Amino acid sequence: MDNHQKRNLTFLTIGLIFMLSGIEYAVILPTIWRYLQILEAPPYFLGLGLSAFSLSGLLTGPLFGFWSDRCKTTKSIILFSNLFEIAGNFMYFIGYSKWLLLWSRLVAGVGAGAGSSIFGFLTQSTRPEERASIFAAIMACRQAGLLVGPAFNLFLRLCDFKLGPFVVNKYTSPGIFMCLLWMLLQCVVLAMYWDVPPISSEGGAVMVEMKREEDDQEEVPLMGSDEEPVHTYRAVSSNQLEISTSSETEPIHGSSTVSNPFRNFSASREFLREEVVVLLTAQFITLFNQTALETMVTPMTQRYFSFGELGNSLMYSLCGVEVILGFFFVRWLSRKVADRVVLAVGLVICCTACIWCLIFLCNPRGGYGWELTAFIIGVFLQLLGLPFVAVSQVSLFSKVTAEKTQGFSQGVRRSIGGLATILGPLWAGGLTNNLYIMLGMMLALLIMITVMTALSYDHLIEPRAVQHAQSSDSGG
């Protein structure tokens, strides 16, 4: 089997990993509140249980990313992290007490931290021009899991039997179901996942970085870290590495860099650059607003439209279809236009959606038909902008941060996103009756990141494109 086939099978396996994460969310979320009530948990345990998963993923993401950058492998990390998913879901299945249930989500969230290693691997295994489309497909896989997850609940809610000393019912069955799925995924990872070597951004040829750097070490003198310019920390391909070597603008550290990619690494130089701050801010605001809206929408449909379980399920299913189609549209669009254009379009759509909601949803008028139409348009616009911003900021982030420490950088990005998923529901949960304040803050955040993007627009571009433009200007 050649590297191209291994690469495709590996990407397919990554898609399955993200799909399972979506399925897990979809099968556990509908029943966890009632499960906690049966275990005599106070109401605040619901927020604790949902936040515990994000919290452990937030803390472990950079650690897994650091591990993958040092070891240059992700397969073993995925196999290890999946053990936490298996253990956490089995603990959820046992569910003897509310505290065990809380710890089960905390343990399962550790497994989610491996996503930073996966995004780092995808960055190093894709060409810059195809990266956004790959990221869009992977994100669509999670949305597909969210969409098909409720279908599994149709038979899980019928479970009513004993498995040895354990009771299997509609509340415990999601735990054992996901435990079995993650165990099955372990076999898939063992059989179909390879740590394929990074590919060159020119022509798609396979490039083994260790060999190239060992050859370069004999020709290029070492330079001290004090002389290293800031732009050398951006993601560069092997072709750029050779160009920079010949012009003596980027130091090469030979085999020592391979063994320790964090040599001469500076967090301030890596993450406090203008373009990186903009993208991390976009990550936080996008997920903050998304989770806040998810928290707000169910109470709103109940209050204004009397939606029950069936109505909300249908709404979420239609939303899932829209988001999946949106990701595939962005996948196509990213091949035609630059990532920063996609990001700008997404932010404009999100601002438009938030303004619409402020005008028509905070104080709905005009009767049931018009109120429902305004609500549908508002939700449609909110979901329409999500894939544009989500895909473009991840793709751009992978291009403006160092490729050798991409796992750690993606871990930092995902941790900021995890913080947003914790704070978003907390912000919206207490303001469901004060939509002007809730949506006003969301719009203020969107306007802020839109202005930041406009001011930093010239910096939101991969270094290779900058070098090409500079060489064209000098040649002209």
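That block above? That's the structure.
Rules used in this analysis
Residues numbered from 1 in each chain as written. Predicted model: local features only at pLDDT ≥ 70, side-chain atom pairs only at ≥ 80, totals over all residues. Heavy atoms only, no water. Salt bridge = Lys/Arg side-chain N within 4 Å of Asp/Glu carboxyl O. Helix = DSSP H or I, 4+ residues; strand = E, 2+ residues; numbered from the N terminus. Buried < 20%, exposed > 50% of the residue type's maximum accessible area, 1.4 Å probe, protein only. Phe/Tyr/Trp six-rings, centres within 6.5 Å; stacked < 30°, edge-to-face > 60°. Lys NZ or Arg CZ within 6 Å of the ring centre and 35° of its normal.

**Q** Kindly report on the pattern of salt bridges, identifying the contributing residues and their values.
**A** Counting across every chain of the model gives seven salt bridges. Here E130 ties to R7 by a salt bridge, and the two come within 2.5 Å at their closest N and O atoms. Here E130 is found in helix α6 (residues 128-156), whereas its partner R7 is found in helix α1 (residues 3-38), with 123 residues between them in sequence. Exposure class is identical for E130 and R7. Each is buried. With a shortest N-O distance of 3.1 Å, E24 and R105 are connected by a salt bridge. One end of the pair, E24, is in helix α1; the other, R105, is in helix α4 (residues 98-112), and 81 residues separate them in sequence. A single burial state applies to E24 and to R105, both of which are buried. Connected through shared salt-bridge partners, R7, R127, E129 and E130 make up one network.

**Q** Could you give me a rundown of the packing of aromatic side chains, with the residues and numbers involved?
**A** Applying the stated rule across the entire model yields 24 aromatic pairs. Geometrically, the ring pair formed by F90 and F93 is tilted, given 5.8 Å between the ring centres and 50° between the ring planes. Of the two residues, F90 and F93 are both situated in helix α3 (residues 75-94); the distance of three residues between them amounts to about one turn of the helix. The partly exposed category is assigned to F90, whose relative accessible area is 32%. We classify F93 as buried; its relative accessible area is 1%. Centre to centre, the rings of F152 and F177 are 5.0 Å apart; their planes meet at 45°, and the pair counts as tilted. Residue F152 is found in helix α6, and its partner F177 is found in helix α7 (residues 173-192); the two are separated by 25 residues along the sequence. The residue whose ring lies beneath R142 is Y25, and the NZ or CZ to ring-centre distance is 5.8 Å.

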